[in-house]
Amino acid sequence: MRAAIVGLGWWGRVLVEATEAHPGPLRFTHAVVRNPDRARAYASTHALALLPSLDAALDDPNVDAIVLATPHSLHVDQIRQCAAAGKPVFSEKPLALSLAEARRAIDACRAAGIVLGLGTDRRMLPAFQHLATLVMGGTLGTILQLEAQYSNDNMSAGVSGDWRDDPHEAPAGGMSGPGLHALDALISLAGPVAEVSGRLALVSEGTVDAITLICRFVSGPAMLLGCVRGTPNYFRIAVFGTLGWAEVRGFGTCTWQLKGEPRREVHYRDQLAIAPLLHAFAEAAAGGAPFPVTPLSMLQTVAAFEASVSAFERPFSCHQVEQVTL
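First, a word on scope: everything that follows refers to the structure included in this document. (Residues numbered from 1 in each chain as written. Predicted model: local features only at pLDDT ≥ 70, side-chain atom pairs only at ≥ 80, totals over all residues. Heavy atoms only, no water.)

To continue, consider the overall build of the chain. Assigned secondary structure in the chain consists of nine helices and 15 strands. Taken over C-alpha atoms, the radius of gyration comes to 19 Å for the chain, in line with the 20 Å a tight globule of 326 residues would show. Viewed in the frame of its principal axes, the chain has a C-alpha envelope of about 60 × 40 × 40 Å. Put simply, the chain has 326 residues, and 54% of those count as buried. Long-range contacts, defined here as pairs at least 24 residues apart, represent 68% of the contacts in the chain between residues at least 6 apart. Entry remark: accessible area of the chain is about 13,700 Å², with carbon and sulfur atoms responsible for 53%. The centroid of the 25 positive side-chain charges in the chain is displaced by 4 Å from the centroid of its 30 negative side-chain charges. (Helix = DSSP H or I, 4+ residues; strand = E, 2+ residues; numbered from the N terminus. Rg over C-alpha atoms; globule rule 2.2 N^0.38 Å. Buried < 20%, exposed > 50% of the residue type's maximum accessible area, 1.4 Å probe, protein only. Contact = heavy atoms within 4.5 Å. Areas by Shrake-Rupley, 256 points an atom, 1.4 Å probe, with all protein chains shown as cover. Lys, Arg positive; Asp, Glu negative; His and termini not counted. Charge placed at Lys NZ, Arg CZ, Asp CG, Glu CD.)

Here's what the structure looks like:
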C-alpha cells in the first residue's frame, strides 16, 4: 500500500523511518509538507515525492492511503476529507479533542466504508501483549487495580513541535501526549472508564507538567495514572488481581507473579512497535484482519480523555465519563 505522510516533522519522520526499518504491506511514497524547501533533502533520501496539500494527495492515483502526523486540531477535518475521497486514513492520536468531534470522524469513515487507523501503538508492544494475555485469560484472577506511569522529556528537550505547548492543541498538558497512550492501554485491558478525578500541576510554562489521574472502570477496578513531561523516558503498566500481578516496564520487559509461584520475567526488544500498527492498518484496508483498535475503543478513550480535561479544571473533583455506543 502506497501511503502519503501528511506532516514531516519529528513524528512524521519517525513513522517513515519505522516502516523502512521494518518493511511490510505499507510503504511511504509521498509526503505533504507546508515548506518543500525544508523537506526536500529528507524527501530525496527517503524516496518521497513531495505534494503541496492533502487535496493533492487525495487526487493522486498513486496514493492509496493517508497517514496524518499533524496537529491534533486538524485531525477530524482531515479524516473527513479522506473519507469523502474514499481513501483509508491513519491518524496519530488523539483522534480528536472531544467526543463529539471523534464521532464526526468515525461516522464519516463508516459512511464511506473506509478503514480508520489510530496511532496508539503501545498496544502493539510484544511485552504489553504478553501482559494482556495474562489479564484476558484470567491468569491474574479478578482484576482489582490497574496502574500506569508514562513520562518523558521530549518537550523540554525540544524534540516535539512547539504547537504541543498550545493549550488549544494539547489541553491538560501531557495528557494529550504520553498520558493518552497510557490511558488507551489501560482501556484496552479493562474496558470503558466510568468516572475520573485528578490534578494537573504546571511546574513551568508549557514544557514541564505532572498529571495524577484516579479513575474507576465500568467493570469495577480502580486505575491510577501518572504522567510527567520533563523527566527522562519512563514507561510502566501494572495490573493487580486476586491470583497475581503483572507489569510491563520499559517497552520490552514483562514480569509477573502468581500466588505460591516464583516471579517470572520475559524480555522482548526494548523499542516501540510503530511499524506493526501501520502494517496492521494496511492489512485492514486491503480487506484483511480488522484494525486492532476498534472504533468503539477509540471513542471510549476520547470520552475518558475529555472527562479528564474537565476534572483537571477542578482538582480531584469527580467527573462522570459519557458511556458511548456505535
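In contact at an axis separation of 9 Å, helix α1 (residues 10-21) and helix α8 (residues 274-285) are set at 80° when each is read in the N-to-C sense. The orientation of α1 relative to α8 falls into the category roughly perpendicular. Here Trp11, Val14, Leu15, Ala18 and Thr19 of α1 lie close against α8, whose contacting residues are Ile274, Ala275, Leu278 and His279. Looking at side-chain class alone, the contact of α1 with α8 contains seven nonpolar, two polar and no charged residues. (Axes fitted to C-alpha atoms, helices over the stretch in contact; angles between N-to-C directions. Parallel < 35°, antiparallel > 145°, perpendicular 65-115°, else oblique. Nonpolar A, V, L, I, M, F, W, Y, C, P; charged D, E, K, R; others polar.)

With that settled, consider the state of the cysteines. By the definition in use, this model includes zero disulfides. Not part of a disulfide, Cys82 finds its nearest cysteine sulfur in Cys109, a span of 7.8 Å. The exposure class of Cys82 is buried, given its relative accessible area of 0%. (Disulfide = S-S within 2.5 Å.)

Our focus in this paragraph is the packing of α1 against helix α2 (residues 36-45). Orientation of α1 relative to α2, taken along the N-to-C sense of each, is 15°, at an axis distance of 13 Å. Between α1 and α2, the crossing angle belongs to the class labelled roughly parallel. For the crossing formed where α1 meets α2, the hand is right-handed. Residues Arg13, Val16 and Glu17 of α1 form the contact with α2, whose own contacting residues are Arg38, Ala39 and Tyr42. Residues belonging to the contact of α1 with α2 are distributed by class as follows: three nonpolar, no polar and three charged. (Left-handed = near helix turned anticlockwise from the far one by under 90°.)

With that settled, consider the pattern of salt bridges. With the rule as written, the count across this model stands at 12 salt bridges. The shortest N-O distance in the salt bridge between Glu247 and Arg236 comes to 2.8 Å. Of this pair, Glu247 sits in strand β12 (residues 244-249) while Arg236 is found in strand β11 (residues 234-241), placing the two residues 11 residues apart along the sequence. Residue class for Glu247 comes out buried when judged on its relative accessible area of 12%. Look at Arg236 and you get buried, because its relative accessible area is 16%. (Salt bridge = Lys/Arg side-chain N within 4 Å of Asp/Glu carboxyl O.)

Turning to the sheet that holds strand β3 (residues 49-51), a few remarks are in order. With respect to topology, six strands assemble into an open sheet ordered β3-β2-β1-β4-β5-β6, the strand pairing being parallel. Edge strands, defined here as strands with exactly one partner in the open sheet, are β3 and β6 (116-118). Across the sheet, the mean angle from the axis of one strand to that of its neighbour is 25°, orientation sign disregarded. The pairing of strand β1 (residues 2-6) with strand β2 (residues 27-32) spans five bridges and is parallel. Counterpart to Arg2 in the pairing with β2 is Arg27. Contacts between α8 and the sheet are confined to β2, β4 (65-68), β5 (89-91) and β6, with β5 contributing the most and set at about 155° to the helix. (Pairing = 2+ DSSP bridges.)

Bringing helix α5 (residues 99-112) into the picture now. The end-to-end C-alpha separation of α5 is 20 Å, in line with the 20 Å expected for 14 residues at 1.5 Å each. Listed as buried for α5 are Leu99, Ala102, Ala105, Ile106, Ala108 and Cys109. One or two steps after α5, the chain reaches Gly113, where phi turns positive at roughly 70°. (Expected span 1.5 Å × (residues − 1).)

Here we take up α2. Those residues of α2 not exposed but buried are Ala39, Tyr42 and Ala43. For α2, the angular spread of buried residues about the axis comes to 105°, placing them on one side. In α2, the exposed positions angled more than 90 degrees off the buried face are occupied by Asp37, Ala41, Ser44 and Thr45. Taken together, the buried residues of α2 touch α1 and β3. Immediately beyond the C-terminal end of α2, within one or two residues, lies Ala47, with a positive phi of roughly 55°. (Arc of directions from axis to C-beta.)

All we've got here are geometric facts, nothing functional implied.
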